[in-house]
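# A structural walkthrough
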Amino acid sequence: MTKTAPGKVVIGKKVPDFKAVTTDGNEWRLKEAAGSNVVLFFYPKDMTPGCTIEAQEFRDLQAQFRRAKTQVVGISRDSCTSHQKFRTKENLNYELLSDEEESLCKLFDVIREKNMYGKKVFGIERSTFLIDSEGKLAAEWRKVKAEGHAQVVLAAAKAL
């Protein structure tokens, strides 16, 4: 049995509704995605090498995700302004959510201590969550390697 802190998501359980600000400054709510699967991929920072690879791969598979009735949403602690630049530069065809307050990061338990150039810092551990059409957490991937990951998530979405 997996122990989780109160308020954290658990595989097989309904994910609590949440809202966040999109790239365009609009509000995105999980409950509005009811009836379709949702991929939430948390990434450390806009316009960094690994995050760019991951974002591009999700972009390139977008038509296949749509056919699998799955929405893709990227999430980081970057601002909407940063997201807009990243989205435009990489021609991303899905929403990016800004989680500057870290409320989603806490809900999905993705903040980890990291070692950056010899300094200990807290940041997002690259993680992805697949929520089914009923709003239940169907799968999660933690400590993700960016390259090839979107294809793995697509296969899981198609299997739902």
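Residues numbered from 1 in each chain as written. Predicted model: local features only at pLDDT ≥ 70, side-chain atom pairs only at ≥ 80, totals over all residues. Heavy atoms only, no water.

## What to know about the layout of surface pockets
What counts, and what does not: Residues are said to line a cavity or pocket when one of their atoms sits within 4 Å of a point; the points come from a 1 Å grid over protein atoms alone, cavities being sets where a 1.4 Å probe fits but cannot get out and pockets being open sets with protein on both sides within 12 Å along at least five of seven lines. Grid points are joined across faces, edges and corners, and a volume is the space filled by probe spheres set on the points. We call Asp, Glu, Lys and Arg charged. Ala, Val, Leu, Ile, Met, Phe, Trp, Tyr, Cys and Pro are nonpolar, and the rest, Gly among them, are polar.
Its boundaries defined by the atoms lining it, the second largest pocket holds a volume of some 160 Å³. In this structure, the second largest pocket is lined by 16 residues; those nearest its centre are K14, L30, K31, A34 and G135. Class assignment for the residues of the lining of the second largest pocket results in seven nonpolar, four polar and five charged.

## Here we look at helix α5 (residues 149–159)
The condition is simple: Partly exposed residues are those whose accessible area sits between 20% and 50% of the maximum for their type, while under 20% is buried and over 50% is exposed, using a 1.4 Å probe and protein chains only. Secondary structure follows DSSP: runs of H or I at least 4 residues long count as helices, runs of E at least 2 residues long count as strands, and numbering of each begins at the N terminus. Directions are taken from the helix axis to each C-beta atom, and the arc is the one they span. The contact criterion used throughout is that any non-hydrogen atoms of two residues lie within 4.5 Å.
The set of residues buried in α5 consists of H149, A150, V153, L154 and A157. One side of α5 carries all its buried residues, which in axial view fall inside an arc of 135 degrees. In α5, those exposed residues whose orientation departs by more than 90 degrees from the buried face are K158 and A159. Summarising the contacts, the buried residues of α5 are in contact with β3 (37–42), α1 (49–60), α2 (62–67), β4 (70–76), β8 (127–131) and β9 (137–141).

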